Amino acid sequence: MDSPSRTFERLTLPGKVIFTLVPILIALLAGLVMAIVLVGPFALDFLSANLPLVRFVVAATVVLLMTVPTAFLIIYMEMKVIALMNLRYGPDRVGPYGSLLSVVHGLKVLMKEDFTPTGADGIVFTWAPVVVYMASVMTLLVLPFAPGIFGVDMNIGLLYFFAMGGLGVVGLLMAGWSSFNKYSLIGGLRSAAQVVSYEIPLTLSVVGIVLLSGTLSLNKITLDQSGSLFDWYVFKQPLAFLIFMIAATAEANRTPFDLTEADSEIVAGFATEYSGMRFGFFFFAEYVNVFIVSGLAVALFMGGWNAPFDWPFPIVAQPDLAGMGVGLLLAIGLIPPLAILLLAMPFYLLNTGLRFWQALVIGFVLFNVVAVAALLGFAFISFDWVVGLLWFLMKTYGFVFLFVWMRGTLPRVRIDQLMGFAWKWLLPAALLNLFVTALAIVLVTTPR
Amino acid sequence: MSADLTTARHASSDDPRVMLEEAVGVFAPIPPYPPRTEREAEFYTLGDGEMFINMGPQHPSTHGVLRVVLKIEGERVVDLDPVLGYLHRGVEKLCENADYHHTIAYTDPLEYVSALFNEWAPVMAFEKLMDVEVPRRAEYIRVLSGELNRIASHALFMGWMALDLGGLTPILWSFIERDEIVDMLASLTGQRMLFNYFRIGGVNGDLNHEFMSRLGAWMSKATSQIEANQALLNENEIFVRRMRGLGTLDREAAFRLCMTGPNIRASGVPLDMRRAHPYSVYPDLEFDIPTRQEGDCLARYLVRLDEVKQSIRIIDQCLHDMPDGPIMAKLPRLMRPRPGRAYAAVEGPRGQYATYAISDGTDQPFRMRIHDPSFVHLQAVGLLTSGNLIADTMAIMASLDPIMGGVDK
Amino acid sequence: MDRALKRRLEARFGDRLLGPIRQRHDETEIRVAPGDVPEVMRALHDEPEFRFEALMDLCGVDTGSVMQTVYHLWSETTPDWLRVVADGLSRDDPRVPSVTFLWKGAEWQEREAYDMFGIAFEGNRDLRRIYMPPDYTSFPLRKDFFLPDDAARSPGGGVRHIEQAHAPSNATVDAQVRKAPTS
């Protein structure tokens, strides 16, 4: 045997993998560089010619990526808030105050075995979580987060939203039917009955807003509410807001309407037979749904990204960084070390127990905090979308908290009460609201 | 439908495909043997559009290892068949082979939520067999600790009730109370759950300082704390609407079903062993027997709430009237009661706990029958649930408050 | 002890009682033949002078020579427990009429007695095993069913023979079986 192959034989398994991969990676990289150099200009031209397409791809990617931290945050919030309501500690081991527990949950779910029960319809079983997850992710596309920050400004945004929301139930039904489990079947059928019934009052409750604003685009509805606090639709359509919140709770399968996964009755409903990441998708979809429903409530009724009051400071113009020339380089090079030293000094001088390097570490951490705060403050007063995004997220998480609060407080309703409530109370109320709104519009706008 | 499947299973059992399906349970009917009784045959015959769903023995809301086979039509429960025995330990047989003193350790863990009452009934029966006069102080201590245990048990009931209806919080709130009481009893008896405290002729230990100080601290805030916890549920519209008018039992039906305890008192019958057949020092104590006329799940829940208040009243009186004196009657170590029979019943948090003991003159009971209310109450679930929804099964079962440790002796 | 109850019972069921009415502490005991159980129970339940509305307990007893079923009744009319013993069931084929026509709640207690003693309650429409598995053949609380060796034993009673479990079908009722007092 010649020496190179003997050397290869002596390598450990990772060594062999790396040894094989490195040339391939180098070749790929070279090819990529060549491609950029050769095709780059044409590609750029093509992309700039099709800006909406690029925008869509970017938006879809961002939305898809956004769901993960959103779900993690809401899961953590739910665990912690309900724990505090239950007089428990809740998560407190992983990360500060247990804040990384949901990340660990995510990893655990990824690593668990993903099995399909015998007798299940494999294909439908596999695709059900995907359908559920995609349905919730796709609704995020039309949610206006801030001025200019939205996936697509569809002029049928609201309609699209409800259509996609209704698609999710198909996934739940698929999961319930394909699992080959009676609990799952009952859960799936319950969710179909529940979501379909609550779609109607949910949709009817927002028709009043559509009449008022004259558009289905969520972005325009949000813009319509700009101005003072009392331009928000919650003050013009209080009944609609109430109906919307109740129906949205049912739509998101949250307590007290979480009959589809009523653990004391049908174990875990449609998700009984799921494990691993497939279950993770259901789990994610549920929490993303909470976020979406809260976001929609904010966009429709709570003024979206509009601040409840005018920001007292005028928005400053962006500083002319290019005009600083070499000064910019000097500033970037000198300000951080000087600031770190400055911040470290008091600790070193006042606390004799500290070594100098320890004081420096403290200074470094403090500097980072100050710098991030300064950057955020700068962004806050310079770009209106940062303000908008902050307001939107604040309001949305306020609603998320409301949902979590309800989960911690209320028991579950029964299926006949659930359906009776939808058809006997919510639907007439929504129709009444629609009638009154239409009447008011006619009376106000029709010239005598 | 099930008949077809059964014949298909037997006719073509050499077909490997059918055998495979049978092996994975695709067509396996329940039960896998011919029906033994009329009722079983009726239950395991499916009507049109009906199906079986099996709850337990591992299920989130069966209060232990109970298996319930539900026959459902859509969401509606047509009939149900509880299957017991997953926790059966043969305590009656063990007691027949144990010393009179040993039996207490066997009966004690039967109902682990309110263990003192399962000690009390056999102890009383043996005292009757032996004509023992229990010192008054011991009787007062028994009543005191028993009522504390009753409150702890009812506190847990309220939490469980809410949990079975989907409310997460109340069970953890009611555990505050239960934990305090259970710790208190631990300082008295040395154990948190299975106390093994009552002895034939008295109790194991006298009141101690730690118990008294804990009890005093708890009594000063008990009423307000209990009311705060109860407000969480009583004023909840969803909770009340789900419970009201559900699983209604009238007076006659309650007697026919051999109900005792809060479950029969919720149907308007003031049947409480403490008054109906007085024992211990209860004749000397002042308390009311709360009853309700409705007989539904809400009434069964509210009766227990009222009982907690009465228990606090009794504890208060016990503390005031507690006499001095010995806590154990003078008894030989080895007991050989004269041949005879004795029946003793106490009023526990779930109903009548009773013991029927037969002595044959040796130091072991010849026969020891332990009557547990959970066992009797659980069979009412089937009658109350038929025609209601799946979710109501849990509500009704929780409102009857069976503990599987007591059901499967 | 409620003497009035004793007199009333004697007047009503005089000829049906097997032996005298016994009273001790707060218990009154009557013994009837198994065949008389339904009529006696119905009379005790319905007639206004008794009104024993509540069946507090139902259990089987194996005395070693015969089987019994024991009913404990409660009534507002008397401070005593009334114990009705259906005495003299044969150990080979114990049969007694069911009381489920009066107390539906007796169903499971009768099932338990059937499971533990093999007493067949005629008229109980769900008489199958309740605790033991359906394919089980023995009746564990019978006196000829012995516990395995490591089970609890009395320190005072001395060590008895090595106990063993065996089916009642091939059990021999001999001196090993504990017999109830004859009183």
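Section: the overall build of chain B
Looking only at helices and strands, chain B has 18 helices and eight strands in total. In terms of C-alpha radius of gyration, chain B reaches 23 Å, essentially the compact-globule figure of 22 Å for 409 residues. Oriented by its inertia axes, the alpha-carbon framework of chain B measures out at about 80 × 55 × 35 Å. Across the 409 residues of chain B, 63% fall into the buried class. Of the contacts made within chain B by residues no fewer than 6 positions apart, 71% connect residues no fewer than 24 positions apart. For chain B, the accessible surface area stands at approximately 13800 Å², while carbon and sulfur atoms represent 54% of it. Counting 41 positive and 55 negative side-chain charges, chain B places the centres of these two groups 4 Å from one another.

Brief notes about the arrangement of the chains
When the two pairs of chains in contact are ranked by number of contacts, first place goes to chains B and C. Looking at chain A next to chain C, you find no contact at all, with the nearest C-alpha pair sitting 24 Å apart.

What to know about unusual backbone geometry
At Tyr97 of chain A, a residue that is not glycine, the phi angle is positive and equals roughly 55°. Even without a glycine there, the phi angle at Cys258 of chain B is positive, about 60°. Positionally, Cys258 of chain B belongs in the loop between helix H11 (251–256) and helix H12 (262–265).

Describing a nonpolar patch on the surface
Residue and element names in this part refer to chain A. On the surface, Leu239, Leu242, Leu432, Phe435, Val436, Leu439, Leu443 and Val444 cluster together into a nonpolar patch covering about 780 Å² of accessible area. At the level of secondary structure, the elements contributing two or more residues to the nonpolar patch comprise helix H10 (238–251) and helix H16 (415–445). Here the nonpolar patch takes six residues from H16, the largest share from any one element. One can find Phe435 in helix H16. Accessibility expressed as a relative area gives 52% for Phe435, which makes it exposed.

Things to note about the interface of chain C and chain B
Between chain C and chain B, the residue contacts involve 65 residues of the former and 63 residues of the latter. For the pairing of chain C and chain B, the buried interface totals around 5600 Å² over both sides, and the portion due to carbon and sulfur atoms is 52%. Among the residues of chain C in contact with chain B, Trp108, Arg125 and Tyr131 of chain C are the three that bury the most area, contributing 14% of the side total. Summed over the shared surface of chain C and chain B, the number is 12 salt bridges. Where Arg24 of chain C meets Asp131 of chain B, a salt bridge forms, and the shortest distance between an N and an O atom there is 3.3 Å. Our count for the contact surface shared by chain C and chain B stands at 34 residue pairs in polar contact (both at pLDDT 80 or more). It is strand E3 (residues 54–62) of chain C that contributes the most residues to the side of chain C that touches chain B, nine residues altogether. A per-class count over the side of chain C that touches chain B returns 30 nonpolar, 11 polar and 24 charged.

Overview of the domain arrangement of chain B
Think of interface size as the accessible area that goes away when the parts come together; that is how it is often given. Residue and element names in this part refer to chain B. Its domain assignment divides chain B into domain 1 (3–83) and domain 2 (91–407). For domain 1 versus domain 2, the distance between C-alpha centres works out to 36 Å. Buried surface at the junction of domain 1 and domain 2, summed over both partners, amounts to about 1500 Å²; 68% is from carbon and sulfur atoms. The interface formed by domain 1 and domain 2 holds zero salt bridges in total. At the boundary of domain 1 and domain 2, one finds five residue pairs in polar contact (both at pLDDT 80 or more). Contributions of two or more residues to the side of domain 1 that touches domain 2 are made by strand E2 (67–73) and strand E3 (76–83).

Quick look at the sheet that holds strand E5 (residues 81–89) of chain C
All names here are of chain C. The strand order across the open sheet formed by five strands is E1-E2-E5-E4-E3, and the pairing between neighbours is mixed. Lying at the two open borders of the sheet, with one neighbouring strand each, are strand E1 (22–24) and E3. Taken over all neighbouring pairs, the strand axes of this sheet differ in orientation by 20° on average, direction set aside. Relative to strand E4 (residues 67–74), E3 runs antiparallel, the two sharing eight bridges. Paired with Cys59 across the bridge in E4 is Val70. Where helix H1 (residues 3–13) meets the sheet, it contacts E1, strand E2 (27–32) and E5, and its direction lies at approximately 15° from that of E2.

So, the sheet that holds strand E7 (residues 352–359) of chain B
All names here are of chain B. An order of E6-E7-E8 is seen for the three strands of this open sheet, with the pairing classed as antiparallel. Looking at the sheet topology across the chains shown, the edges are occupied by strand E6 (340–347) and strand E8 (365–371). Across this sheet, the average inter-strand angle for adjacent strands is 10°, counted without regard to direction. Pairing geometry for E7 and E8, over six bridges, is antiparallel. Bridge pairing in E8 places Ile358 opposite Arg367.

Structural notes on the pairing of E7 of chain B
Residue and element names in this part refer to chain B. Among the eight residues that make up E7, eight are buried, leaving the element largely enclosed by the rest of the structure. By the alternation rule, side chains of E7 split into Gln352, Ala354, Tyr356 and Ile358 and Tyr353, Thr355, Ala357 and Ser359, which are all buried. Sheet topology note: the E6/E7 ladder contains eight bridges and is antiparallel. Bridge pairing in E7 links Val346 to Tyr353. Two successive antiparallel strands, E6 and E7, enclose a turn made up of four residues, where Gly351 displays a positive phi of approximately 140°.

Section: the confidence of the model for chain C
Residue and element names in this part refer to chain C. For chain C, per-residue confidence averages 79 on the pLDDT scale, and 79% of positions sit at 70 or higher. Below pLDDT 50 for its whole length, residues 149–175 participates in 49 contacts with residues either more than four positions away or in separate chains. Across the assembled chains, the prediction reports ipTM 0.83 with pTM 0.81.

A word on the environment of Val77 of chain B
Residues and elements named next belong to chain B. Residue placement: Val77 occurs in strand E3. Expressed as a C-alpha distance, the spacing of Val77 and Ile327, which sit 250 residues apart in the sequence, is 52 Å. Non-local contacts of Val77, meaning those with residues more than four positions away in its chain, are made with Leu70, Lys71, Ile72, Thr385, Ser386, Gly387, Asn388, Leu389, Ile390 and Thr393.

Side note on the interface of chain B and chain A
With 34 residues of chain B in contact, the opposing surface of chain A contributes 27 residues. Counting each side, the surface lost to burial between chain B and chain A is near 2600 Å², with a carbon and sulfur contribution of 63%. When residues of chain B are sorted by the area they lose upon contact with chain A, Glu75, Leu168 and Ile238 of chain B head the list and together hold 20% of the total. Linking chain B with chain A are two salt bridges, by the criterion used here. Residue Arg414 of chain A pairs with Asp392 of chain B through a salt bridge whose shortest N-O separation is 3.2 Å.

Definitions and cut-offs
- Residues numbered from 1 in each chain as written.
- Chains lettered and ligands numbered in written order.
- Predicted model: local features only at pLDDT ≥ 70, side-chain atom pairs only at ≥ 80, totals over all residues.
- Heavy atoms only, no water.
- Helix = DSSP H or I, 4+ residues; strand = E, 2+ residues; numbered from the N terminus.
- Rg over C-alpha atoms; globule rule 2.2 N^0.38 Å.
- Buried < 20%, exposed > 50% of the residue type's maximum accessible area, 1.4 Å probe, protein only.
- Contact = heavy atoms within 4.5 Å.
- Areas by Shrake-Rupley, 256 points an atom, 1.4 Å probe, with all protein chains shown as cover.
- Lys, Arg positive; Asp, Glu negative; His and termini not counted.
- Charge placed at Lys NZ, Arg CZ, Asp CG, Glu CD.
- Patch = residues over 30% accessible without salt bridge, like charges linked within 9 Å, V, L, I, M, F, W, Y side chains within 5 Å.
- Salt bridge = Lys/Arg side-chain N within 4 Å of Asp/Glu carboxyl O.
- Buried area = accessible area lost by both parts, 1.4 Å probe.
- Polar contact = N/O pair within 3.5 Å; in protein donor to acceptor, adjacent residues only side chain to side chain.
- Nonpolar A, V, L, I, M, F, W, Y, C, P; charged D, E, K, R; others polar.
- Domains from an automatic or database assignment.
- Pairing = 2+ DSSP bridges.
- Axes fitted to C-alpha atoms, helices over the stretch in contact; angles between N-to-C directions.
- pLDDT = per-residue confidence, 0-100.

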